[in-house]
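# A look at the structure
Okay, here's what each chain looks like letter by letter:
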Amino acid sequence: GAVVSQHPSWVICKSGTSVKIECRSLDFQATTMFWYRQFPKQSLMLMATSNEGSKATYEQGVEKDKFLINHASLTLSTLTVTSAHPEDSSFYICSARGRSSSTYEQYFGPGTRLTVT
Amino acid sequence: QKEVEQDPGPLSVPEGAIVSLNCTYSNSAFQYFMWYRQYSRKGPELLMYTYSSGNKEDGRFTAQVDKSSKYISLFIRDSQPSDSATYLCAMTASSGYSTLTFGKGTMLLVSP
């Protein structure tokens, strides 16, 4: 099956600093990547959708200036949490979909746990 | 009313039991229904997907969709301790460029 990796798997940062999370599709070209956020015992909440070479589309309520998404290549998307605050602490998961794949054929990364102190 | 409702559990069963996991939804436009398994601190893994109403079987897993009742189920036969995980349902209206709507997930614990 298709493999998606995320790096780092866990990061701790101080309030006010920025953190970058990478999402890579290892064995297929991901024309679309999705970024989700998951709080404990809550469902995955879609933050934004990005297509390679285009600006990301953010869901309502997600601050685009705070959560910067870049999808510069067919195998890499990054999420940068700028000026992080403790309330940004969460589990961030990316998923990727290939060019001719259906919506349900999203392959998820292992997630990144962000703790802001 | 949330778009997708799912009992968070935990659901505890002995090894070998038949497990039934369910979701209800309110959006009649949903056509594609997925079940994901998520182990602790890991990303979700697609188990099964179903289009419209009906049943689909894959090994020990059976997915059922009843669009008239807006109700979907995942059955696990001969449950194993390795099945212990959180199971999330997800659905979408289109197979094309559309997003998934997830339930909160049900935590399943299978004891040996």
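One structure accompanies this document, and this report is about it.

## With respect to the pattern of salt bridges
Across all of its chains, the model carries five salt bridges over all chains by this definition. For A:E22, the salt bridge identified is with A:R24, shortest N-O distance 3.5 Å. Judged by relative accessible area, A:R24 falls into the partly exposed class, the value being 36%. Residue B:R37 is joined to B:E45 by a salt bridge in which the shortest nitrogen-to-oxygen separation is 3.1 Å. Taking relative accessible area as the criterion, B:R37 reaches 13% and is therefore assigned buried.

## Observations concerning the sheet that holds strand β8 (residues 76-81) of chain A
All names here are of chain A. If you walk across this open sheet you meet the four strands as β1-β3-β8-β7, and the pairing is antiparallel. Of all the strands in the sheet, the pair left with one neighbour each is β1 (4-7) and β7 (67-73). Along the sheet, successive strands turn relative to each other by an average axial angle of 15°, direction set aside. Summarising the sheet, strand β3 (residues 19-25) and β8 pair through six bridges and their orientation is antiparallel. Opposite C23, over in β8, you have S77 as the bridge partner.

What counts and how
Residues numbered from 1 in each chain as written. Chains lettered and ligands numbered in written order. Predicted model: local features only at pLDDT ≥ 70, side-chain atom pairs only at ≥ 80, totals over all residues. Heavy atoms only, no water. Salt bridge = Lys/Arg side-chain N within 4 Å of Asp/Glu carboxyl O. Buried < 20%, exposed > 50% of the residue type's maximum accessible area, 1.4 Å probe, protein only. Pairing = 2+ DSSP bridges. Helix = DSSP H or I, 4+ residues; strand = E, 2+ residues; numbered from the N terminus. Axes fitted to C-alpha atoms, helices over the stretch in contact; angles between N-to-C directions.

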